[in-house]
Structure formats: C-alpha cells, structure tokens
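Each chain is listed here by its residues.
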Amino acid sequence: MKKTFGIIGAGNIGQTVARHLLKAGHPVILANNSGPDSLKELVQSLGANATAGTIRQAAEAEIVLLSLPWSQVRTLSDVTDWTGRLVIDATNHFITYAPDFKVEDLGSKASSEVVASLLPGAKIVKAFNTIFYKTLAEDPRIMGGNRVLFVSGNDQPSKTEVISVITSLGFAPIDLGSLGEGSKLQQAKGALATLNLVKF
Ligand SMILES: NC(=O)c1ccc[n+]([C@@H]2O[C@H](COP(=O)([O-])OP(=O)(O)OC[C@H]3O[C@@H](n4cnc5c(N)ncnc54)[C@H](OP(=O)(O)O)[C@@H]3O)[C@@H](O)[C@H]2O)c1
C-alpha cells in the first residue's frame, strides 16, 4: 500500500516532488497559502491521485513534505498535533533571494532543528532541499547511475522510510546522519548545498 503525502507548499519544489511521488504511485494532497480552490487546475493536470486540500488536511497525511518559504514554517505550529508525524523538511532558511541569498542567523542550530522546535513531536527528516527544482524534475536515472539526494534525521525508522521512498523514485539517497550533524551539511550555505551528483 503506497503512503499518502501531504505537501505543504505547492510551488516549484512541492510540484516537482509531487510529480515524482505520483509517478511512483503515491497519492498526494497539495496545500498552499491561497487555499484548495486555487489548486484546482494544477491537481487536474497532475492526475487522479492528486488532490487539493487545506493545510491541515495535508499536515495530517501519512507523510508530510514541507515545501513552503522558510519565513512561513512558524505558521504551521498550531495547525495540528505534530506528535509522531513524519515530516520531510525541504525548506532552506533563506531570508532573501537573488542576488544576495541571505540566510537567517540560527546560531549553532541546524535549520531542521529549528523546524523540529516549531513542530513539537514531529519526526523530521531533511531531504529534497539541495537541488534546484528544474534539475530535481529531471529523470534521476542518468548515464547508468542515479542522482544523489542527501538525507538526515534523528529518528532512524523515519529516515529509513524516507530513504526507501527516495530509492523507489530512482534517486540514490545518502544518509548524512543526525539533524545536528548531517542536515547542517545539506542546508543552505552548507558544504553539500546545491551539489548535483550522480552515484554509479
Ligand atoms: N526552488 C528551488 O529550486 C528549491 C530547491 C530546494 C529547496 N527549496 C525550498 O523549498 C521551499 C519552497 O520553495 P519554492 O521555490 O518551491 O517556492 P515557491 O515556488 O514560491 O512556492 C511556495 C509555495 O508555498 C506556499 N505557501 C506560502 N506560504 C504558505 C503558508 N503559510 N502555508 C502554506 N503554504 C504556503 C505558496 O502558496 P501561495 O502560492 O498560495 O502563496 C506556494 O505554493 C523554500 O523553503 C525553498 O528554500 C527550493
């Protein structure tokens, strides 16, 4: 039985990951800031397994993907009870975009640790955040290899589940360890951010 994904943020990254998930047979519920009506045409174009929902409906799906602007993550704190929920964090902590790409000063915390503190009890796995969405949209099976996606998280069963999904989409997941260590490497300005690698 394929898991249903709730995708909070239906823009570049949300739509790109949704297309990969749908191709692999996962139902997706897409939610944005403007409400489900604004997503009608998009979900129609994505096919029968895609629906538009409220932010709460997406937050209560079996697996949740955060693909909304960093500044908006804090609005999700009270949307639902996050205890025990598997949440994939694809956000990057930019506070400005081109040309300066400034990130928020989080002190010694990883951005996904901040997300974890905003969604109390959620099991956060960082993934899908390092690659430009147009590259992420391409077929991950290239030249006999598989495009690399980095994965970090503190809860091993959740991370194992995300790794299994990512593998089924055709990517090559690389486990970087905990949020405190691994996700700092993959987050915005980290050593592995923006790298587009293929594993042979
Ligand atoms: N673009 C990339 O290549 C890329 C790559 C890796 C990671 N990321 C990260 O992914 C996240 C999204 O980036 P993007 O490029 O996909 O942005 P985007 O195209 O601007 O899409 C943002 C989406 O988030 C929704 N949204 C805004 N505020 C919200 C709220 N309070 N609650 C729920 N949904 C909300 C927007 O809804 P409305 O349209 O209704 O406002 C829109 O659907 C960012 O954190 C970014 O750093 C982006």
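Before going into details, it helps to say that this report is about the structure given with it.

About the thresholds
All residue numbers refer to positions counted from 1 along the written sequence of the respective chain. Where totals are concerned, whole chains, interfaces and linings use all residues; where local detail is concerned, this predicted model gives features only for residues with pLDDT of at least 70, and gives and counts side-chain atom pairs only at 80 or more. Nearness is defined per residue: the C-beta atom, placed using the backbone, must lie within 6 Å of the molecule or strand. Labels follow the DSSP assignment, with helices taken as runs of H or I lasting at least four residues and strands as runs of E lasting at least two, numbered in each case from the N terminus. Residue burial is a threshold on neighbouring C-beta atoms within 10 Å of the residue's own C-beta, all placed from the backbone, with 20 or more meaning buried, 12 or fewer meaning exposed, and counts in between meaning partly exposed. Two residues form a contact once the distance between their C-beta atoms, set from the backbone, is within 7 Å. Working rule for helices: expected span equals 1.5 Å times residues minus one. Think of each axis as a best-fit line through the C-alpha atoms, taken over the contacting stretch in the case of a helix, with angles from 0 to 180 degrees between the N-to-C directions. Comment on the angle field: the value is read as roughly parallel under 35 degrees, roughly antiparallel over 145, roughly perpendicular from 65 to 115, and oblique elsewhere.

## Let's talk about the site of the ligand
Looking at the ligand, there are 24 residues lining it, with G9, G11, N32, S34 and N92 nearest. Ranked by residues supplied to the shell around the ligand, first place goes to helix α1 (residues 12-23) with three residues.

## Quick word on the environment of L136
Mapped onto the elements, L136 comes out in helix α5 (residues 133-136). A count of 22 C-beta atoms within 10 Å places L136 in the buried class. Residues L136 and T16, 120 residues apart in the sequence, show an inter-C-alpha distance of 7.1 Å. What L136 contacts, discounting residues up to four positions off in sequence, is T16, F128 and I131.

## Quick notes on α1
Taking 1.5 Å as the rise per residue, α1 with twelve residues should run 16 Å; its terminal C-alpha atoms sit 17 Å apart, in good agreement. When α1 is considered as a whole, its buried residues turn out to be I13, G14, Q15, T16, V17, A18, H20 and L21. Looking one or two residues past α1, G25 carries a phi angle of roughly 95°, positive in sign.

## Structural notes on the environment of A24
By the element assignment, A24 lies in the loop between α1 and β2 (28-31). Spatially, the C-alpha atom of A24 lies 22 Å from that of S152, the residues being 128 residues apart in sequence. For A24, the residues in contact, after removing those within four places along its chain, are S168 and L169.

## As for the packing of helix α4 (residues 111-118) against helix α7 (residues 179-186)
Here α4 crosses α7 at 120°, and the two axes come no closer than 7 Å. Considering the angle they form, α4 stands oblique to α7. Touching S112, E113 and A116 of α4 are L179, G180 and S183, all from α7.

## Concerning unusual backbone geometry
Here the bond from A98 into P99 is cis, since omega is 5°, no more than 30 degrees from zero. Among the structural elements, P99 can be located in the loop between β5 (86-89) and α4. Its identity is not glycine, yet F128 carries a phi of approximately 65°, on the positive side. Looking at the secondary structure, you find F128 in the loop between β6 (123-126) and α5. The class for F128 is buried, based on 27 C-beta atoms found within 10 Å. One non-glycine residue, K189, adopts positive backbone phi at about 75°.

## A short note on α4
For an α-helix the count is 3.6 residues per turn, leaving residues at separations of three or four pointing the same way. Along α4, six of the eight residues are buried, which leaves the element largely enclosed by surrounding structure. Taken as a whole, α4 has its buried residues at S111, S112, E113, V114, V115 and A116. Turning to α4, the residues buried within the fold contact β4 (63-66), β5, β6 and α7.

## A short note on the environment of G53
Mapped onto the fold, G53 is located in the loop between β3 (50-52) and α3 (55-59). C-alpha of G53 to C-alpha of A31: the two residues are 22 residues apart in sequence and 5.3 Å apart in space. Contact partners of G53, with chain neighbours within four places excluded, come to I29, L30, A31, P36 and A58.

Limitation: the analysis is restricted to geometry and does not speak to function.
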